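# Observations on the three-dimensional arrangement
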Amino acid sequence: MIQQLGQVMLYVNDQEQAKQFWIEKLGFELISDVDNGLRIITLAPTDDAHTSLVLHDKKKIQEMSPELNLGAPSLMFYGENLEVLYEEYQAKGITVGELVSMGFGKVFNFADDEGNYFAITEK
């Protein structure tokens, strides 16, 4: 079951420039900046905000997931029991991507009936 909107994922051409924009011009806080082969920059209006903004390298994401529309932000939902949820979505005929384990937990993409992709991760 989806429990909350956790992240808005923004696909950018220049992560460093985007990071500086959000921090220096809009006053966002840097939550984390991790590079494990895929740089993930997490920002939020405050340290304790429930929803964060994640800056992804558009080119790398396009290589990994060419089916995604990277022209608009994507939503990352938080949920529990992703294996069960994954099977439930498949049984309902929802288009789902591969269930994968990342450094931060399990995650999979799913699409609505118009082909808009979203993601869900265990949190």
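Quick summary incoming for the structure in this document. These numbers were taken from a predicted model, which means no experiment stands behind them.

### Some details on the sheet that holds strand S7 (residues 105-111)
Pairing between the strands of a sheet is mediated by backbone hydrogen bonds and can be parallel or antiparallel. With mixed pairing, 8 strands are arranged side by side in an open sheet as S2-S3-S4-S1-S5-S8-S7-S6. Two strands close off the open sheet at either side, each with one partner strand: strand S2 (29-35) and strand S6 (100-102). Taking the axes of each pair of neighbouring strands and ignoring which way they run, one obtains an average angle of 30° across the sheet. Bridge count for S6 against S7 is 3 bridges, and the pairing is antiparallel. By the bridge assignment for S7, Met102 is matched with Gly105. Sheet strands in contact with helix H1 (residues 15-25) are strand S1 (2-12), S2, strand S3 (39-44) and strand S4 (52-57), and its direction is about 10° off that of S3. Across the sheet, helix H3 (residues 82-91) is in contact with S1, strand S5 (74-79), S7 and strand S8 (117-122); its angle to S7 comes to roughly 15°.

### Considering the environment of Gln20
Counting through the fold element by element, Gln20 comes out in helix H1. Classification of Gln20 by relative accessible area gives partly exposed; the value is 26%. When the C-alpha atoms of Gln20 and Phe118 are compared, they prove to be 26 Å apart, with 98 residues separating the residues in sequence.

### Regarding H3
Those residues of H3 that fall on the buried side of the exposure criterion are Leu82, Leu85, Tyr86 and Tyr89. Projection of H3 onto a plane perpendicular to its axis shows the buried side chains occupying an angular sector of 105°, all on one side. In H3, the exposed positions angled more than 90 degrees off the buried face are occupied by Val84, Glu87 and Ala91. At its buried positions, H3 is contacted by S1, S5, S7 and S8. Positioned one or two residues after H3, Gly93 has a phi angle of 80°, which is positive.

### Remarks on H1
An α-helical turn contains 3.6 residues, so any two residues separated by three or four positions project in the same direction. When we look at burial in H1, the residues that qualify are Gln15, Ala18, Lys19 and Trp22. When H1 is viewed along its axis, its buried side chains cluster within an angular range of 105° and face the same direction. Every exposed residue of H1 that faces more than 90 degrees away from the buried side is listed here: Gln17, Glu24 and Lys25. Where H1 is buried, its residues contact S1, S2, S3 and S4. The N-terminus of H1 is capped by Asp14, whose side-chain oxygen sits 3.2 Å from the backbone nitrogen of Glu16.

Each value, and the rule that gives it
Residues numbered from 1 in each chain as written. Predicted model: local features only at pLDDT ≥ 70, side-chain atom pairs only at ≥ 80, totals over all residues. Heavy atoms only, no water. Pairing = 2+ DSSP bridges. Helix = DSSP H or I, 4+ residues; strand = E, 2+ residues; numbered from the N terminus. Axes fitted to C-alpha atoms, helices over the stretch in contact; angles between N-to-C directions. Contact = heavy atoms within 4.5 Å. Buried < 20%, exposed > 50% of the residue type's maximum accessible area, 1.4 Å probe, protein only. Arc of directions from axis to C-beta. Polar contact = N/O pair within 3.5 Å; in protein donor to acceptor, adjacent residues only side chain to side chain.

So yeah, pure geometry; function would need other evidence.
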